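# Breakdown of the fold
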Amino acid sequence: MTRNFSTHPRALAATCIALLLLAAQAPAQPAPPFAMPPHPPSVTLSAAATASVPNDRMHASLRAEADNADAAAAANVVNARMAKALVRARAVAGVEASTTGYSSFQITDKAQVTRWRVAQTLKLESSDFASLSALISQLQGEGGLVVDGTQFSVGDASRRKAEDSLTQQAIKSWQARAAEAARGFGFDGWRVGNVAIQTGESFRPQPVMRAMAFEAKAAAPVAMEAGNSDITVTVSGDAILEAPRPSSR
């Protein structure tokens, strides 16, 4: 005896609903994770080149100051000294002069009468050390100024020339390190990623004069030794490794 399954529309509808309910209750399959494209490996390297460059600029700071119970009288002394100092400085070829740091304040001391102190600073700069040293001596001896200090530096033109040469040296050194790193990590080649070039100058200690006032009309020339400054150029950045060598296995 053959048994036929019912094909009544209601039976078919019930069957479809049951299948849909079973599908809804089944756990959802997670979507496959999104695969990010692999990034080529890179190494961060740095290399520096340094040179000792002779200082060719001299800087001096001198101060005109006066104390007086009358603030106006102290100011007149300072103003007169600074005016004469500027005239002398501008008469010397190759010397750049500027003023800064004008101050006036009251000094109270139990042992002395209350007074006013007025001061102003004169900045001098030149590549002619002999002329500037002679001028400093004159301003101390005859002009009544006090030397706050001196220092030396590498001029802009000399610095740029040194930095250009050092930059090429540092780049070649960086490239050599990148090639060595690529070989060490088993890669046949590399390419340049983000790279930065930094320059800097470090001053070596130089002779400094402070608070030296000469009472003599003609002070002896100031002895100076300019010395050198170390200029450094550093190259740092990423070397992107390419084409790994095939395994020997």
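Since we're looking at a predicted model, the values are computed, not measured.

## With respect to the packing of aromatic side chains
Tallying each qualifying case throughout the model produces two aromatic pairs. Centroid distance Phe-129 to Phe-152: 5.3 Å. Interplanar angle 65°. Geometry classified as edge-to-face. With Phe-129 in helix α3 (residues 129-141) and Phe-152 in strand β5 (residues 146-153), the pair connects residues that are 23 residues apart, well separated along the chain. For Phe-152, a relative accessible area of 1% translates into the label buried. Between Trp-174 and Trp-190 the ring centres are 5.8 Å apart and the planes differ by 75°, which places this aromatic pair in the edge-to-face class. With a gap of 16 residues between them, Trp-174 in helix α4 (residues 156-184) and Trp-190 in strand β6 (residues 187-203) connect regions that are remote in the sequence.

## Notes on the environment of Ala-239
By secondary structure assignment, the location of Ala-239 is in strand β7 (residues 228-244). Its relative accessible area of 0% is what places Ala-239 among the buried residues. Sequence-wise, Ala-239 and Ala-182 are 57 residues apart; in three dimensions their C-alpha atoms are separated by 8.4 Å. Once you skip the residues sitting within four places of it in the chain, Ala-239 turns out to touch Pro-41, Ser-42, Val-43, Leu-45, Trp-174, Ala-178, Trp-190 and Arg-191.

## What about the sheet that holds strand β3 (residues 95-107)?
Read from one edge of the open sheet, four strands run β3-β4-β2-β5, paired in antiparallel fashion. Looking at strand neighbours, the two that pair on one side only are β3 and β5, the edges of this open sheet. Taking each pair of neighbouring strands and ignoring which way they run, the sheet shows an average axis angle of 15°. Looking at chain direction, β3 and strand β4 (residues 115-126) are connected through eleven bridges and run antiparallel. Among the inter-strand pairings, Glu-96 is bridged to a residue of β4, identified as Glu-125. Sheet strands in contact with helix α2 (residues 71-90) are β2 (57-68), β3 and β4, and its direction is about 10° off that of β4. Across the sheet, α3 lies against β2, β3, β4 and β5, angled at about 10° from β2, the strand it touches most.

## Considerations on a nonpolar patch on the surface
Taken together, the side chains of Val-192, Val-195 and Ile-197 make up a nonpolar region of the molecular surface, amounting to roughly 240 Å² of accessible area. With respect to the helices and strands, Ile-197 occurs in strand β6.

## Structural notes on the nonpolar core
Counting 24 residues, the largest nonpolar core has Leu-62, Leu-122, Leu-124, Leu-132, Leu-135, Ile-136 and Leu-139 as its most contacted members. For this core, the elements supplying multiple residues, two or more each, are β2, α2, β4, α3 and β5. The dominant element in this core, judged by the number of residues it contributes, is α2, at seven residues. Of all hydrophobic cores here, the second largest spans 19 residues; its members include Val-43, Val-53, Ala-178 and Ala-182.

## What to know about the packing of α2 against α3
Between α2 and α3, the shortest axis-to-axis distance is 11 Å and the interhelical angle comes to 160°. Judged on the interaxial angle alone, α3 and α2 are roughly antiparallel. Helix-helix and strand crossings are classified by hand; for α2 and α3 the assignment is right-handed. On α3, the residues that touch Ala-85, Arg-88 and Ala-89 of α2 are Leu-135, Gln-138 and Leu-139. In terms of residue class, the contact of α2 with α3 is made up of four nonpolar, one polar and one charged.

## As for the side chain of Gln-120
On the secondary structure map, Gln-120 appears in strand β4. Those residues within four positions of Gln-120 in sequence are excluded, and the remaining contacts are Leu-62, Arg-63, Ala-64, Val-78, Met-82, Thr-99, Thr-100, Gly-101 and Tyr-102.

Each value, and the rule that gives it
- Residues numbered from 1 in each chain as written.
- Predicted model: local features only at pLDDT ≥ 70, side-chain atom pairs only at ≥ 80, totals over all residues.
- Heavy atoms only, no water.
- Phe/Tyr/Trp six-rings, centres within 6.5 Å; stacked < 30°, edge-to-face > 60°.
- Helix = DSSP H or I, 4+ residues; strand = E, 2+ residues; numbered from the N terminus.
- Buried < 20%, exposed > 50% of the residue type's maximum accessible area, 1.4 Å probe, protein only.
- Contact = heavy atoms within 4.5 Å.
- Pairing = 2+ DSSP bridges.
- Axes fitted to C-alpha atoms, helices over the stretch in contact; angles between N-to-C directions.
- Patch = residues over 30% accessible without salt bridge, like charges linked within 9 Å, V, L, I, M, F, W, Y side chains within 5 Å.
- Areas by Shrake-Rupley, 256 points an atom, 1.4 Å probe, with all protein chains shown as cover.
- Salt bridge = Lys/Arg side-chain N within 4 Å of Asp/Glu carboxyl O.
- Core = buried A, V, L, I, M, F, W, Y, C linked by side-chain atoms within 4.5 Å.
- Parallel < 35°, antiparallel > 145°, perpendicular 65-115°, else oblique.
- Left-handed = near helix turned anticlockwise from the far one by under 90°.
- Nonpolar A, V, L, I, M, F, W, Y, C, P; charged D, E, K, R; others polar.

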